[in-house]
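Structural overview
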Amino acid sequence: MHRLNVPSVQHLARNWRSDPRKIQKILVDLARNPPTFNYAPLFLAVRDMLLFGIPYEQIVQGINSAVKRKEVSKNFLDILPLIREHFLDVSPSFIQSVDRRYYPAGRGLMVPFDVPIIYGDGARIVLPWMTFWKRNPLSGEALSLFVTLVDEVIFQDPDLEDARFEIIDFSAPRKSEQRQVVVTNSAEIPRLTDARKSEMLAIFAEGYFLAKATLAESGQDRANEAPSKPRDPDQPDFFDDPSAGQG
């Protein structure tokens, strides 16, 4: 039996295609072959460094002790120095999480969005959105779709409307094995028009329900429209933002 979880806002954007049947295939393949690890330890590492001041060496030791699969621990330890470098000069006045939100993507599909942390940096609030895909990070219209939805699901909150939303990409450049950090202020990313956003969401919803029907026909669908805490290869939970491995 395979489970079709509701995709997160980020995974909706990353798996969007212009043909709903291509989306259907992607989602069916993911349900039948889900990732086998998640990046949650890296989000915990950020929290431990910023909130508790845990020494970097202690975090490395913790990952080596807790993560038994060598290829997974190596993946984490390739990223961890970049995390340390990025947050080295950050001394937040506060750190907190944000309650899960949902975006109505059409046809009753409520897409979850979880923010791992926000923190205060001087007079501003920063929402650092970390993506750990090594290849093919969000770009182009898919990236615009993501930030457009985030605007609507998060920044309508008066406590967050002035927050700086940073996308921190830890991918490797094309033809390189070495990851690097690229930080983008989401304010620089073009937003979609309402018409284009609605069109893209309608296509995704069609693909999702086609995938659900495919799995149901084979007796494999155990979908839950509001999964408790599924896995996310890049964010804490596979289909629910804030992390299973996408190398």
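This text gives an overview of the structure that appears in the document. Each chain carries its own residue numbering, running from 1 in the direction its sequence is written. Local features in this predicted model are restricted to residues of pLDDT 70 or higher, and side-chain atom pairs are both shown and tallied only at a pLDDT of 80 or more, whereas totals for entire chains, interfaces and linings draw on every residue. Side-chain figures throughout are based on the complete set of non-hydrogen atoms in the structure, without hydrogens or water.

Two numbers describe how helix α4 (residues 56–66) lies on helix α5 (residues 70–87): the axes approach to 11 Å, and their chain directions differ by 160 degrees. Here α4 lies roughly antiparallel to α5, going by the angle between them. Crossing handedness for the pair α4 and α5: right-handed. Within the contact between the two elements, α4 uses Y56, E57, I59, V60, I63 and N64 and α5 uses F76, L77, L80, P81 and R84. For the contact of α4 with α5, a count of residues per class yields eight nonpolar, one polar and two charged. Lines fitted to C-alpha atoms define the axes here, with helix axes fitted over just the stretch in contact, and angles between the N-to-C directions of these axes take values from 0 to 180 degrees. Helix and strand assignments follow DSSP, with helices taken as H or I runs no shorter than four residues and strands as E runs no shorter than two, numbered in order from the N terminus. Should an angle fall under 35 degrees it is taken as roughly parallel, and over 145 as roughly antiparallel, whereas 65 to 115 is taken as roughly perpendicular and any remaining angle as oblique. By definition, turning the near helix anticlockwise from the far helix through less than a right angle yields a left-handed crossing, and turning it clockwise yields a right-handed one. We call two residues in contact whenever any of their non-hydrogen atoms come within 4.5 Å of each other. Three residue categories are used. Nonpolar comprises Ala, Val, Leu, Ile, Met, Phe, Trp, Tyr, Cys and Pro, charged comprises Asp, Glu, Lys and Arg, and polar comprises the others, including Gly.

Take the sheet that holds strand β1 (residues 95–104) next. Here five strands make up an open sheet; going across it, the order is β1-β2-β3-β4-β5 and the pairing mixed. Either end of the sheet is taken by a strand with one partner, and the two such strands are β1 and β5 (182–185). On average, adjacent strands in this sheet sit at an angle of 30 degrees to one another, irrespective of strand direction. Of the strands in this sheet, β1, β2 (110–121) and β3 (124–131) touch helix α3 (residues 40–52), which is tilted by about 25 degrees from β2. Any two strands with at least two DSSP bridges between them are considered paired.

What follows deals with the pattern of salt bridges. When a carboxyl oxygen of Asp or Glu lies within 4 Å of a side-chain nitrogen of Lys or Arg, that pair is called a salt bridge. Taken as a whole, this structure holds 15 salt bridges when the rule is applied. We note a salt bridge from R69 to E71, for which the minimum N-O separation is 3.2 Å. Relative accessibility decides the category of a residue: with a 1.4 Å probe and only protein chains considered, values under 20% of the type maximum give buried, values over 50% give exposed, and everything between is partly exposed. Residue classification places E71 among the exposed positions, given a relative accessible area of 52%. Linking R135 and E177 is a salt bridge whose minimum nitrogen-to-oxygen distance equals 2.9 Å. Here R135, found in the loop between β3 and α6 (140–154), pairs with E177, found in the loop between β4 (164–169) and β5; they are 42 residues apart in sequence, far enough to count as distant. Look at R135 and you get partly exposed, because its relative accessible area is 28%. For E177, a relative accessible area of 60% puts it in the exposed group.

Here, expected helix span is obtained from the residue count minus one, scaled by 1.5 Å. Over its 15 residues, α6 extends 21 Å from the first C-alpha to the last, a length consistent with the 21 Å expected when each residue adds 1.5 Å. Along α6, the residues that are buried comprise L143, S144, L145, F146, V147, T148, L149, V150, V153 and I154. Tucked inside the fold, the buried residues of α6 contact α1 (9–14), β1, β2, β3, β4 and α7 (194–217).

Just geometry here; none of it tells us what the structure is for.
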